[in-house]
Amino acid sequence: MTQREQLSSLDPLEWTSECGPLLQSSCGTMHVHNFIDYPSRFSTCPFQLATMASTKKKLQLQERVPLGRTAWKLADLAVLSLLLALLGHRAASVLGSGGGPPPPWHWLAALACEAWFTLMWLLNMNAKWSPVRFDTFPERLAERIDDDELPAVDMFVTTADPELEPPLVTVNTVLSLLAVDYPAHKLACYVSDDGCSPATCYALREAVEFARLWVPFCRRHGVGVRAPSVYFSSGPERGSSPADDEEAEFLRDWAAMNSEYEKLVTRIENADEASLVRQGGEFAEFLGAERKNHPTIIKVLWDISKTTSGDVGFPSLIYVAREKNPRYHHHFKAGAMNVLTRVSAVLTNAPIMLNVDCDMFANNPKVILHAMCLLMGFDDEVHSGFVQAPQKFYGALKDDPFGNQMEVKLKVQMQKQSVDTN
Ligand SMILES: O=c1ccn([C@@H]2O[C@H](COP(=O)(O)OP(=O)(O)O[C@H]3O[C@H](CO)[C@@H](O)[C@H](O)[C@H]3O)[C@@H](O)[C@H]2O)c(=O)[nH]1
Ligand SMILES: [Mn+2]
């Protein structure tokens, strides 16, 4: 599957900090910034905040629910006993040849392969022997701590190639993050562009203008999926059930917003790198920049601290094209994350970071609140270092031969969730 075909999203219905393989995809991860040497980040450690807030009623923010899995365990034990029996048989045949001719070489090869397979199978089993689900209760956060005690979060998006990862995809990811339900001044979104593309920078500049309308629209109408490409791919749909007299207003807003989005798409898709650079101005820095050989370009595209009280509140947006030099390896996404960690340490220095790839989007505006329930929901901080949301893929191949969409599993979970919350 190509990257273009993968539009993945974060699914906060199922969080984990004890991962089975299914839950271990390396996306949508929130880390506490405790592995790098920026001591000042510790000064606002969320766990200290959780303790500070202990004057408030101590409601449980998360619940660890073991998933029994008895039938699976029995099946696994049956497979294990068959594997051991097979190994025993092979070993007995090899060792028991006694004075007879030595076992043929392919018996030895089969024994080695099966022993290796059994070891791998055991390690795999070990990781998913006792899976758990974490239920999170973001509505209790407000009862437990005040809004201004919520820790700040730096949101990192990495993009690498404007051809394979079109700027519009990155823009949708960024818009879904700028519109999340979390105090806007506690958030900042950093985009690392390893493509060093003026088109991506331009698209993000346009995204800021669009966000001025999009974020209030999402909040006013309780929009569920805040990546506009996904939201507008179906008819008018609002989160909370509208009162009759508001319906007409919503439909009007929806149509206006949809038309603004279409204009945004046209502007972004028609942007031409060469003419942007020729234009000069803020794109002059891209002049002569080769993708693998250029100095750092950092642009603060939107700074929430400079807004006046009447302005719309959505998080700051910072564009970063890190320095590239053919003499040094850039280390792909890891290198980009490293640079974002350092740039954000200077600008906002949030104690928590959220990482998504440019082809993911948050499919639930409460995604950060859900994660906070796990990051702040344990009395002892050693029990929670990172939170991971599983990926759900869009645009998969016909009939989903790789099972990427996990249709059945997700449907069952969704139903369960709606039963739980009803
Ligand atoms: O030089 C690079 C190469 C990649 N990326 C970004 O890294 C992310 C992942 O790269 P990709 O090639 O898309 O890998 P995928 O296989 O699609 O992604 C999965 O596998 C990657 C490698 O394990 C993980 O980093 C991702 O989080 C995970 O979703 C994307 O946002 C890229 O834009 C960069 O920033 N710089
Ligand atoms: Mn990818």
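Residues numbered from 1 in each chain as written. Chains lettered and ligands numbered in written order. Predicted model: local features only at pLDDT ≥ 70, side-chain atom pairs only at ≥ 80, totals over all residues.

Looking at an unreviewed UniProt entry, one finds the protein named Cellulose synthase-like protein H1, with Eleusine coracana subsp. coracana as its source organism. Database annotation for the protein, UniProt heading Subcellular location (unreviewed entry): "Endomembrane system". (UniProt positions renumbered as here; feature names shortened; annotations may be inferred.)

This part takes up the UniProt feature "binding site: UDP-alpha-D-glucose" (unreviewed entry) in the protein. Those places that UniProt annotates as "binding site: UDP-alpha-D-glucose" (unreviewed entry) correspond, in this numbering, to Glu 165 and Asp 194. In summary, the annotated positions, though distributed over 30 residues, converge in three dimensions, the widest C-alpha pair being only 11.1 Å. Assignment of secondary structure puts Glu 165 in the loop between strand 5 (153-159) and helix 5 (167-178). Inspection of the secondary structure assignment puts Asp 194 in the loop between strand 6 (187-193) and helix 6 (198-221). With 23 C-beta atoms packed within 10 Å, Asp 194 lands in the buried category. Setting aside anything within four residues of it in sequence, one finds Asp 194 in contact with Thr 159, Ala 160, His 330 and Ala 336. (Helix = DSSP H or I, 4+ residues; strand = E, 2+ residues; numbered from the N terminus. Buried ≥ 20, exposed ≤ 12 C-beta atoms within 10 Å, placed from the backbone. Contact = placed C-beta atoms within 7 Å.)

According to UniProt, the positions carrying the feature "binding site: Mn(2+)" (unreviewed entry) are Lys 333 and Asp 357. Spatial clustering of the annotated residues is evident: they stretch over 25 residues in sequence, but the largest pairwise C-alpha distance comes to 9.1 Å. When you line up the elements, Lys 333 lands in helix 10 (residues 332-347). Looking at the secondary structure, you find Asp 357 in strand 9 (residues 352-357).

Most of strand 8 (residues 316-321) is tucked away: six of the six residues are buried. In strand 8, alternate side chains face the same way, and those of Ser 316, Ile 318 and Val 320 on one face and Leu 317, Tyr 319 and Ala 321 on the other are all buried. Summarising the sheet, strand 7 (residues 297-302) and strand 8 pair through five bridges and their orientation is antiparallel. Within the sheet, the bridge partner assigned to Lys 299 lies in strand 8 and is Tyr 319. (Pairing = 2+ DSSP bridges.)

Further remarks concern the site of ligand 1. Near ligand 1 you find 15 residues, and of these Thr 158, Ala 160, Phe 332, Lys 333 and Asp 357 are the closest. Those elements that provide at least two residues to the shell around ligand 1 are strand 5 and helix 10. Counting residues per element, the shell around ligand 1 draws most heavily on helix 10, at three residues. By residue class, the composition of the shell around ligand 1 is five nonpolar, six polar and four charged. (Near = placed C-beta within 6 Å. Nonpolar A, V, L, I, M, F, W, Y, C, P; charged D, E, K, R; others polar.)

Glancing now at the nonpolar core. Ranked by internal contacts, the top residues of the largest apolar core, which has 75 residues, are Met 155, Val 174, Leu 175, Leu 178 and Cys 189. When residues of this core are assigned to their parent elements, the largest contribution, twelve residues, is made by helix 6. Not counting chain neighbours up to four residues away, the residues in contact with Val 174 comprise Val 157, Cys 189, Val 191, Leu 204, Ala 207 and Leu 317. (Core = buried A, V, L, I, M, F, W, Y, C linked by C-beta atoms within 7 Å.)

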